[in-house]
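In case you want the letters, here they are:
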Number of protein chains: 2
Amino acid sequence: MPRPEGARAPRRDVIDNPGSQRVTRVAALARRGQRTRHGRFLVEGPQGVREAVAHVPAHVLDLYVTEAAAQRHVGLLDQAHAARLYVHRVTDQVMAAMSTDAQGLLAVVSTEALARTAGLDEVLAGARLVAVLTEAQDPGNAGTIIRAADAAGADAVLLARGSVEVTNPKVVRATAGSLFHLPVISGLELTEVVEALHTAGLTVLAADAHGEHDLFEVDALLAQPSAWLLGNEARGLGPEALSQADAVVAIPVFGSAESLNVSTAAAVCLYASARAQYAG
Amino acid sequence: MPRPEGARAPRRDVIDNPGSQRVTRVAALARRGQRTRHGRFLVEGPQGVREAVAHVPAHVLDLYVTEAAAQRHVGLLDQAHAARLYVHRVTDQVMAAMSTDAQGLLAVVSTEALARTAGLDEVLAGARLVAVLTEAQDPGNAGTIIRAADAAGADAVLLARGSVEVTNPKVVRATAGSLFHLPVISGLELTEVVEALHTAGLTVLAADAHGEHDLFEVDALLAQPSAWLLGNEARGLGPEALSQADAVVAIPVFGSAESLNVSTAAAVCLYASARAQYAG
């Protein structure tokens, strides 16, 4: 059915005005203040959207998709329709106005999806592996650590006050959907975290370049239920955090590197724990 | 010695014109074309500058420092002066015009610092651990992998054609100086790399989520001199790369994550090798 070029009929069901109030409001969720005010955040890209639809469908408020993305992700849209989600077709221009990192697929999700439905003690009951971000301020690192913790089989990720906000779009993107796989709890005091970890019977390990223990020589310790305290990108863990740990563990450095990126260090530590716990 | 506000005398030896040709030329090195044309690149921030001064002083063409940074990094500047480097004081405005990520310290380094002084066979002679980036396109990931390879004691990092350019400021920053610690060789054909690895007696391992071997069950393999092929951020390793590997190894996933970030995967694989080789 050929149609003369330029004569394509406008489709009523496609959102095509990049300046509309809806589009502006979605784009505004890139800003923290707007996310807090409206209790919603952005999930950009097919991987994150797929995991939101699969794991927290009741909290997916709107899903936006371009024509091209709709053709690439038929199964995902079928799932979204089956879950009775609001799926909106948008033009490429509208998508670009809402997000530059969505690859054609964008979800607006209620922050209820991340709300604490249980007390910290309940979340930690029976936990064998937990990651604690004490002052992770780079959103990419924080998201990557949440994803690595998920892969390593962690039971929860806890973010102490001073860490980046988890609904930051860069954090959400870097988690690649892992944000919806395990409890990710923010805004905690570190002393409260350590107390709850101890109550739940977990050993509190600090990852620090000057640690007294070598990561590769403490398998018996790692085989126990334990939590990793992870520090700031530039400064590592502060004295307060170090003093609260039951053991301070260093990743051995075999080359000339002075230190490791915090997300690299987190991955190596969490996988050392997973190996000791599962493969032992 | 109080001086009335606003009456601070201009100092001749401080570069204070953000619009000068020198400043514009330095800032232009953020662009690949300018780096190639002039054979120089930027090293931003104290950690990278310190490692450049320590490891490749002959290739550090200019060093720029603000007053505040000069006070914070006295030892580093002493080293720079001892190496007879050109150290230029700049105003905060000039630094901001040259780089927004320098934290007061910026070096312009000749690409000669990264030039191949030896053939690939010579670099790989006696090597026990090598990282090969086949199509790493995210600069942050590529730099983080170079840093992790350094820490894990790798003898070299090889970048096959299709990978990001290593003098990209984001790559340089993410290496945190490791770029100057071990040979980092770019622009290679993957077949050429695999041939050279085999000639040097290294086993070629591919990191892939669908690998036939479990990373935690192949310590005997990892204890051998070996190289890790690492794939693209989104697509992983292509069929061509997988077919050239001697073994395809998967990192076990214990949670719900579909996959790992490539820099996370690289760190876990490289450290599994380091553990098998050094701690065994």
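Every value quoted in this text rests on a predicted model; they were computed, and no experiment measured them. (Residues numbered from 1 in each chain as written. Chains lettered and ligands numbered in written order. Predicted model: local features only at pLDDT ≥ 70, side-chain atom pairs only at ≥ 80, totals over all residues. Heavy atoms only, no water.)

All names here are of chain A. Taken as a whole, chain A is organised into domain 1 (14-113) and domain 2 (120-278). Its C-alpha centre places domain 1 at a distance of 30 Å from the equivalent point of domain 2. With 16 residues of domain 1 in contact, the opposing surface of domain 2 contributes 12 residues. Buried surface at the junction of domain 1 and domain 2, both sides included, amounts to about 1,200 Å², of which 62% is carbon and sulfur. Here Arg173 and Glu44 are joined by a salt bridge, their closest N and O atoms 2.7 Å apart. (Domains from an automatic or database assignment. Contact = heavy atoms within 4.5 Å. Buried area = accessible area lost by both parts, 1.4 Å probe. Salt bridge = Lys/Arg side-chain N within 4 Å of Asp/Glu carboxyl O.)

All right, on to the interface of chain A and chain B then. Taken together, the contact pairs 33 residues of chain A with 33 residues of chain B. Between chain A and chain B, the buried area comes to about 2,900 Å², and carbon and sulfur atoms account for 59% of it. When residues of chain A are sorted by the area they lose upon contact with chain B, A:Phe254, A:Tyr271 and A:Arg275 head the list and together hold 24% of the total. Joining chain A to chain B, the criterion identifies 2 salt bridges. The residue B:Asp219 makes a salt bridge to A:Arg275 at a minimum N-O spacing of 2.8 Å. Between the two partners, chain A and chain B, sit 18 residue pairs in polar contact (both at pLDDT 80 or more). When residues of the side of chain A that touches chain B are assigned to their parent elements, the largest contribution, 7 residues, is made by helix α13 (residues 262-278) of chain A. Broken down by class, the residue content of the side of chain A that touches chain B amounts to 16 nonpolar, 10 polar and 7 charged. (Polar contact = N/O pair within 3.5 Å; in protein donor to acceptor, adjacent residues only side chain to side chain. Helix = DSSP H or I, 4+ residues; strand = E, 2+ residues; numbered from the N terminus. Nonpolar A, V, L, I, M, F, W, Y, C, P; charged D, E, K, R; others polar.)

This part covers the pattern of salt bridges. Considering all chains together, one arrives at 16 salt bridges over all chains under this definition. Among the ionic pairs, B:Arg89 bridges to B:Glu67, the shortest N-O distance being 3.2 Å. Taken as a pair, B:Arg89 in strand β4 (residues 87-90) and B:Glu67 in helix α4 (residues 67-72) lie far apart in primary sequence, 22 residues in all. Residue classification places B:Glu67 among the partly exposed residues on the basis of a relative accessible area of 27%. Here the salt bridges share partners, and the residues they tie into one network are A:Glu44, A:Asp101 and A:Arg173. (Buried < 20%, exposed > 50% of the residue type's maximum accessible area, 1.4 Å probe, protein only.)

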